[in-house]
Amino acid sequence: MDVTPDLVDQALLVKVTATRTGYQPGTAKSTRSPAVRPGTLAVQTQPSIVGTPRVGETLTLGEAAWSPAPSATTVQWLADGRPIDGATGSSLEITPELVDQRISVEQTATAPGYETSDLTTPATAKVKPGRIVVSEPYALRGATRVGRTLTVQPGVVAPADAEASYQWTRDGKPIAGATASSYTLTADDVGHQVDVAVGLARRG
């Protein structure tokens, strides 16, 4: 007989009855077996993490496989071995607070009559800070005459919410107090080259 999940924790015995014409039936019973133990979900494929551990990137779970197939599975992403709140899906967006932490995933499988199977991926390398990418450069607009205002024309940046800071320079030397996105040229600038350095920053 097949030992099915509904028999877990029960002891089994077999009863045999023999018959023959002209004879009383004869019956024999086996001794009781130990209690039926839960089955084991055999691991066919270990879970894995796909992607780069860097702020702004997304990691994806390469899911495990078991035999027989489980009736339910759950996922929990971990940072340095600790659960990440709400991170129970098949992917994880790397956020700034995860910098310098190693990411892993625990995947759990359950099935009636089988022991729970818990698998954890190897941890990634430490999460690196994200990169601010400028796909179109910043530029200056305005006429280069005393009394006219030069204005920074923003470029195209990702992530778009990176915060810009400015420092205007004259012949490469910072102009005191000139830290806005625009600058009005003065007599001191005549005959000199005026530039602006744009700094971009974002947490993580």
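Everything discussed here concerns the structure shown above.
Residues numbered from 1 in each chain as written. Predicted model: local features only at pLDDT ≥ 70, side-chain atom pairs only at ≥ 80, totals over all residues. Heavy atoms only, no water.

S.K.: Before we go on, may I ask you to explain the overall build of the chain in this structure?
M.R.: Looking only at helices and strands, the chain features 0 helices and 19 strands. Viewed in the frame of its principal axes, the chain has a C-alpha envelope of about 130 × 25 × 20 Å. Per-residue burial for the chain yields a buried fraction of 24% across its 204 residues. Contacts in the chain between residues at least 24 apart in sequence constitute 56% of all its contacts with a sequence separation of at least 6. Here the chain has roughly 13,300 Å² of accessible surface; of this, 49% comes from carbon and sulfur atoms. Computed over 18 positive and 20 negative side-chain charges, the separation of the two mean positions in the chain equals 4 Å. (Helix = DSSP H or I, 4+ residues; strand = E, 2+ residues; numbered from the N terminus. Buried < 20%, exposed > 50% of the residue type's maximum accessible area, 1.4 Å probe, protein only. Contact = heavy atoms within 4.5 Å. Areas by Shrake-Rupley, 256 points an atom, 1.4 Å probe, with all protein chains shown as cover. Lys, Arg positive; Asp, Glu negative; His and termini not counted. Charge placed at Lys NZ, Arg CZ, Asp CG, Glu CD.)

S.K.: Hey, could you run me through the nonpolar core in this one?
M.R.: When a protein is soluble and globular, its nonpolar side chains tend to lie buried together. Counting residues in each nonpolar core, the largest one holds 14 residues, and the members touching the most others are Trp77, Ile84, Leu92, Ile94, Leu98, Ile103 and Val127. Mapped onto this core, the elements with two or more residues apiece are β5 (58-62), β7 (72-79) and β10 (103-110). Of the residues forming this core, the biggest block, 3 residues, is contributed by β7. Formed by 9 residues, the second largest nonpolar core is a distinct cluster that contains Leu150, Val152, Tyr166 and Ala178. (Core = buried A, V, L, I, M, F, W, Y, C linked by side-chain atoms within 4.5 Å.)

S.K.: So what exactly am I meant to see when it comes to the side chain of Thr108 here?
M.R.: Among the secondary structure elements, Thr108 is positioned in strand β10. Polar side-chain contacts of Thr108 include one of 2.6 Å to the side chain of Asp118. Setting aside its immediate chain neighbours within four residues, Thr108 contacts Ala72, Thr73, Thr74, Thr116, Ser117 and Asp118. (Polar contact = N/O pair within 3.5 Å; in protein donor to acceptor, adjacent residues only side chain to side chain.)

S.K.: What is the right way to read the sheet that holds strand β8 (residues 82-83) from this model?
M.R.: Adjacent strands of a sheet pair through backbone hydrogen bonds, lying either parallel or antiparallel. Spatially, the 4 strands line up as an open sheet ordered β8-β7-β10-β11, and their pairing is antiparallel. Of all strands in the sheet, those bounded by a partner on one side alone are β8 and β11 (117-120). Where β10 lies against β11, 4 bridges are found, and the strand directions are antiparallel. Its bridge partner lying in β11, Thr108 is registered against Asp118. (Pairing = 2+ DSSP bridges.)

S.K.: Hey, could you run me through the sheet that holds strand β17 (residues 173-174) in this one?
M.R.: With antiparallel pairing, the 3 strands of this open sheet are ordered in space as β17-β16-β19. Each edge of the open sheet is held by one strand with a lone partner, namely β17 and β19 (194-201). Pairing between strand β16 (residues 163-170) and β17: 2 bridges, direction antiparallel. Considered in β17, the bridge of Thr169 is made with Pro174.

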